[in-house]
Amino acid sequence: MKEVFMGRAENCLAAPVIRSLKARAKQLRRHVLRMAERVGQGYVGQGLGIADLLAVLYFHEMRYDATRLDWPDRDRFVLSIGHYSIGLYAALAEAAILPIEELDTYGADGSRLEMCGSETTPGFEINGGSLGQGLPQAVGMALGVRLDGRPARIFCLLSDGELQEGATWEAALAASHYRLDNLFAFIDCNNQQADGPTEKVMSIEPVEDKWAAFGWQVQRIDGNDIASILAALEQALAAQDKPHAMVLDTLMGKGVPLFEQRAKSHFIRVDAAEWELARKQLEESNKEMDKNG
Amino acid sequence: MGDRTGGASNTGVTGTLLSSDTSEAETTALAPFGRALVRAAERNPRILGLTADLGRYTDMHVFAERFPERFIQVGMAEQNLLGVAAGLARTGFIPFAATYCVFATRRAYDFFAIGAALARANVKVVAGLPGLTTGYGGTHQGIEDLALMRALPNVVVIDPCDATELEQTVAIIADYNGPVYLRLLRGQVPVVLDSASYRFELGKAKLLREGSDVALISTGLMTARALEAATRLAKSGIKAAVLHVSTLKPFDSQAVLSLLENVRNVVTVENHIITGGLGSAVAEVVAEVGLRIRLKRIGITDCFCASGSIPYLVKRYRLDPESIAAAARTVLGAAEGN
């Protein structure tokens with residue numbers, strides 16, 4: 001199957017576009033549950049929380065060729081937060097870059113789908129996981145494609161906790177100094193990090209003000225609302241001469257109430273008996289979302 | 001601008017005051033790295049130059065002046081320097097990132113380890129002020145960088161002897177696809193090796209002088225002092241071989257072993273702490289094959305070094321030719337005592 005995504009549909013905020021992206025996000029969440037259930041644990045909360053953004057990027061915004069991952073003009077998705085790999089595996093499988101069946105190997109010994117994502121997996125642009133390294137590399141890529149006059153754009157996913165890493169801000173300075181308007185940073189603000197709520201561990205608010213002060217074009221939106229993500233991307237694409245930061249307020253475990261409530265921890269443990277309930281809840285919440293448009 | 005000159009000058013132009021020249025060398029070459037990078041970049045348009053506010057102090061300014069559109073200044077941010085370099089390598093460029101050894105390793109090690117080494121990205125780190133080539137003390141002297149870089153998988157580690165070798169190395173690593181850590185000699189750099197006859201080869205040690213009594217195995221600028229020590233030893237009838245190991249990784253075990261097959265009295269000589277660098281590499285190779293040798297390691301022992309003039313430091317920490325010759329005599333004395 002050859003899938004080449006060449007960017008947006010004409011009227012990107014039209015109801016059919018939103019409906020189809022919601023269906024994709026739903027499918028990504030199913031993949032996330034499938035992976036996490038197999039291994040009995042994992043970053044399921046993060047995978048569910050980021051599904052809406054990945055649906056928009058991989059099935060609407062980004063230009064790439066699933067059969068030619070090294071296409072020099074491709075848009076690049078840079079996953080700085082390697083532990084979100086479960087979400088990206090779901091998107092890559094849905095985009096026909098990974099075989100769907102391979103999702104069952106998530107976190108298994110010898111698998112290409114590592115718990116903390118790396119270039120072992122096709123479709124990964126960097127070795128993520130040592131936090132603070134994604135944005136510097138994304139800046140290098142944005143400079144590189146611009147030097148070559150390529151239309152490629154760089155989409156980098158960071159977390160709120162990762163904003164505590166100094167290197168993120170070194171890179172933020174450089175991006176605005178070099179006016180990298182082909183660079184998009186998404187900051188997933190779920191207020192959770194390894195040692196607890198981000199606001200308790202080391203407060204990073206007001207996040208938008210920080211990025212604005214560093215010279216970025218900034219928007220803060222509901223990161224679980226596909227229409228909002230689409231509208232924000234439209235605005236970002238229209239803004240030139242500045243890199244773009246999109247602060248996404250997301251809910252860990254989004255779509256599965258059982259996990260939404262438990263999403264007070266960075267790494268969710270799930271009893272074997274709970275997976276069936278989780279799957280049922282996902283289908284129910286999907287129906288609910290459909291009803292609400 | 002930051003006051004991190006590592007020398008006594010703020011002229012902004014590398015010259016004698018910012019020189020790596022710590023000896024009484026008869027011949028020197030000005031900014032061999034910058035000039036060699038310009039030559040490589042003239043034939044390869046994918047080469048870029050980067051620095052973190054040390055362009056003038058790493059000879060990168062020579063490249064920046066010739067190719068301003070291919071020069072990227074990241075400001076005083078070494079983690080970002082190596083992260084950006086990794087990103088550029090991923091878009092098919094060949095970034096040469098210049099800073100000091102201490103910043104490339106201590107400050108930004110993880111960024112090189114993950115962005116370049118793990119990814120096998122085509123990043124060249126060019127690192128100034130190796131060992132005791134600055135009088136600025138513990139903050140600026142890169143005394144353990146070779147140990148750190150040697151420990152990283154996938155990385156080529158080079159400590160060149162002089163201007164001749166540095167120039168040849170730049171051309172060769174530009175063509176080599178993979179991460180490289182190159183120690184830099186800047187400013188007025190001594191010319192020790194004959195550019196007509198010497199040929200740097202990646203991963204190959206070079207026997208610069210034959211000798212049957214004692215083997216001096218050296219790297220970096222210490223090779224000049226090892227050669228001087230060999231000349232002094234010859235005056236007292238001691239025949240010293242000098243094996244120059246500029247590529248620390250991959251390590252030319254074969255060259256070391258074939259020399260030590262015949263010469264069992266050994267002095268290793270490095271501008272670096274004696275753990276984890278050349279001395280350790282020789283000891284590892286020799287111990288693994290079970291060769292019985294007498295070994296003395298010349299280098300910085302387990303300490304951070306003081307500030308001061310370079311000649312003072314070189315003498316104080318026994319990195320001078322006389323200390324090398326003395327170590328050779330000690331090793332030979334032990335041999336006779338057997």
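Thresholds applied
Residues numbered from 1 in each chain as written. Chains lettered and ligands numbered in written order. Predicted model: local features only at pLDDT ≥ 70, side-chain atom pairs only at ≥ 80, totals over all residues. Helix = DSSP H or I, 4+ residues; strand = E, 2+ residues; numbered from the N terminus. Rg over C-alpha atoms; globule rule 2.2 N^0.38 Å. Contact = placed C-beta atoms within 7 Å. Pairing = 2+ DSSP bridges. Axes fitted to C-alpha atoms, helices over the stretch in contact; angles between N-to-C directions. Core = buried A, V, L, I, M, F, W, Y, C linked by C-beta atoms within 7 Å. Buried ≥ 20, exposed ≤ 12 C-beta atoms within 10 Å, placed from the backbone. Domains from an automatic or database assignment. Nonpolar A, V, L, I, M, F, W, Y, C, P; charged D, E, K, R; others polar. Right-handed = clockwise from strand over helix to strand, strands pointing away. Expected span 1.5 Å × (residues − 1). Parallel < 35°, antiparallel > 145°, perpendicular 65-115°, else oblique. Left-handed = near helix turned anticlockwise from the far one by under 90°. pLDDT = per-residue confidence, 0-100.

### Looking at the overall build of chain B
Counting secondary structure elements, chain B contains twelve helices and 14 strands. In summary, chain B has a C-alpha radius of gyration of 19 Å against a globular reference of 20 Å for 338 residues, a match within 12%. A fraction of 80% describes how many contacts in chain B between residues 6 or more apart in sequence connect residues 24 or more apart.

### Quick notes on the sheet that holds strand 9 (residues 217-222) of chain A
Strand pairing in a sheet relies on backbone hydrogen bonds. The paired strands run either parallel or antiparallel. Residues and elements named next belong to chain A. Pairing in this open sheet of five strands is parallel, and the strands run 4-5-6-10-9 from one edge to the other. Sheet topology places strand 4 (76-79) and strand 9 at the edges, where each strand pairs with a single neighbour. Here the strands of the sheet are splayed against their neighbours by 20° on average, with no regard to which way each runs. Pairing of strand 5 (residues 154-159) with strand 6 (residues 183-189), which is carried by six bridges, proceeds in the parallel orientation. Across the sheet, Ile154 pairs through a bridge with Leu183, a residue of strand 6.

### Observations regarding the sheet that holds strand 9 (residues 206-209) of chain B
All names here are of chain B. The five strands lie next to each other as 9-11-10-13-14, forming an open sheet whose pairing is mixed. Edge positions in the sheet fall to strand 9 and strand 14 (294-300), since each has one partner strand and no second. When strand polarity is set aside, the average angle formed by the axes of neighbouring strands in this sheet is 25°. Bridging between strand 10 (residues 214-218) and strand 11 (residues 240-244) involves five bridges; their strand directions are parallel. Within strand 11, the position partnered with Ile217 by the bridge is Leu243.

### Observations concerning the nonpolar core
Judged by nonpolar contacts, the single largest core of 199 residues is most densely connected at A:Tyr89, A:Val139, B:Leu82, B:Val125, B:Leu216 and B:Ala328. Each of domain 1 (25-190) and domain 2 (206-337) of chain B contributes no fewer than three residues to this core. Sequence-distant contacts of A:Tyr89, defined by excluding residues within four places in its chain, comprise A:Met35, A:Leu98, A:Leu103, A:Tyr106 and A:Leu113.

### A word on the domain arrangement of chain B
Residue and element names in this part refer to chain B. By domain assignment, chain B separates into domain 1 (25-190) and domain 2 (206-337). Between the C-alpha centres of domain 1 and domain 2 the distance comes to 26 Å. Between domain 1 and domain 2, the contact holds 26 residues from the first and 28 residues from the second. Elements represented by at least two residues in the side of domain 1 that touches domain 2 include exactly helix 6 (145-150) and strand 6 (156-158). Its residues placed into classes, the side of domain 1 that touches domain 2 shows 14 nonpolar, six polar and six charged.

### Focus: the pairing of strand 13 (residues 265-273) of chain B
Residue and element names in this part refer to chain B. When you tally the buried positions in strand 13, you get nine out of nine residues, the bulk of the element. Pairing of strand 10 with strand 13, which is carried by four bridges, proceeds in the parallel orientation. Its bridge partner being in strand 13, Leu216 is matched across the sheet by Val267. Of the pairings in the sheet, the one linking strand 13 to strand 14 comprises six bridges and is parallel in character. Residue pairing across strands places Val266 opposite Leu295, the latter belonging to strand 14. Since strand 13 and strand 14 lie parallel, the crossover through helix 10 (residues 278-289) that links them has a hand, and here it is right-handed.

### Notes on helix 7 (residues 163-175) of chain B
Residue and element names in this part refer to chain B. With 13 residues, helix 7 ought to run about 18 Å at 1.5 Å a step, and its terminal C-alpha atoms sit 19 Å apart, in line with that. The buried fraction of helix 7 is high, at ten of 13 residues. All of the buried residues in helix 7 are Ala163, Thr164, Glu165, Leu166, Glu167, Gln168, Thr169, Val170, Ile173 and Ala174.

### A short note on the interface of chain A and chain B
With 19 residues of chain A at the interface, the matching set in chain B holds 21 residues. Secondary-structure elements contributing two or more residues to the side of chain A that touches chain B are helix 5 (134-147) and helix 6 (166-177) of chain A. The greatest single-element share of the side of chain A that touches chain B, amounting to nine residues, is contributed by helix 5 of chain A. Here the side of chain A that touches chain B is composed, by residue class, of ten nonpolar, six polar and three charged.

### Quick notes on unusual backbone geometry
With an omega of -5°, the peptide bond between A:Glu205 and A:Pro206 qualifies as cis. Take A:Pro206: it is sitting in the loop between helix 7 (198-201) and helix 8 (207-213). Put simply, B:Lys249 and B:Pro250 share a cis peptide bond, and its omega is -5°. Considering the arrangement of structural elements, one finds B:Pro250 in the loop between strand 12 (247-249) and helix 9 (253-262). The backbone phi angle of A:Ala96 is positive, close to 65°, even though this residue is not glycine. Inspection of the secondary structure puts A:Ala96 in the loop between helix 4 (85-94) and helix 5. The exposure class assigned to A:Ala96 is partly exposed, which follows from the 13 C-beta atoms found within 10 Å. One non-glycine residue with positive phi stands out, namely A:Asn191, at about 60°. You can see A:Asn191 is positioned in the loop between strand 6 and strand 7 (192-193). Overall, the presence of 20 C-beta atoms within 10 Å leaves A:Asn191 in the buried class.

### Focus: the packing of helix 5 of chain A against helix 6 of chain A
Residues and elements named next belong to chain A. The contact between helix 5 and helix 6 brings their axes to 7 Å, and the two run at 25°. Between helix 5 and helix 6, the crossing angle belongs to the class labelled roughly parallel. Crossing of helix 5 over helix 6 shows left-handed handedness. Residue-level contacts link Leu135, Pro136 and Val139 of helix 5 to Ala167, Thr168, Glu170, Ala171, Ala172, Ala174 and Ala175 of helix 6. Its residues assigned to classes, the contact of helix 5 with helix 6 comprises eight nonpolar, one polar and one charged.

### Description of the environment of B:Pro321
Residue and element names in this part refer to chain B. Note that Pro321 resides in helix 12 (residues 321-337). Sequence separation between Pro321 and Ala234 is 87 residues; the distance between their C-alpha atoms is 13 Å. Every residue in contact with Pro321, bar those within four places of it in the chain, is listed here: Arg225, Glu228, Ala229 and Arg232.

### Regarding the packing of helix 1 (residues 32-43) of chain B against helix 7 of chain B
Residues and elements named next belong to chain B. As a packed pair, helix 1 and helix 7 sit with axes 9 Å apart at the nearest point and diverge in direction by 30°. Compared by their axis directions, helix 1 and helix 7 come out roughly parallel. Crossing handedness for the pair helix 1 and helix 7: right-handed. Residues Pro32, Phe33, Ala36, Leu37 and Ala40 of helix 1 form the contact with helix 7, whose own contacting residues are Ala163, Leu166, Glu167, Val170, Ala171 and Ala174.

### So, the confidence of the model for chain B
Residue and element names in this part refer to chain B. Taken over all residues, the pLDDT of chain B has a mean of 93, while the share at 70 or more is 92%. Every residue in residues 1-17 is under pLDDT 50, and counting partners more than four places away or in other chains gives 29 contacts. Scored as a complex, the prediction yields pTM 0.94 and ipTM 0.93.

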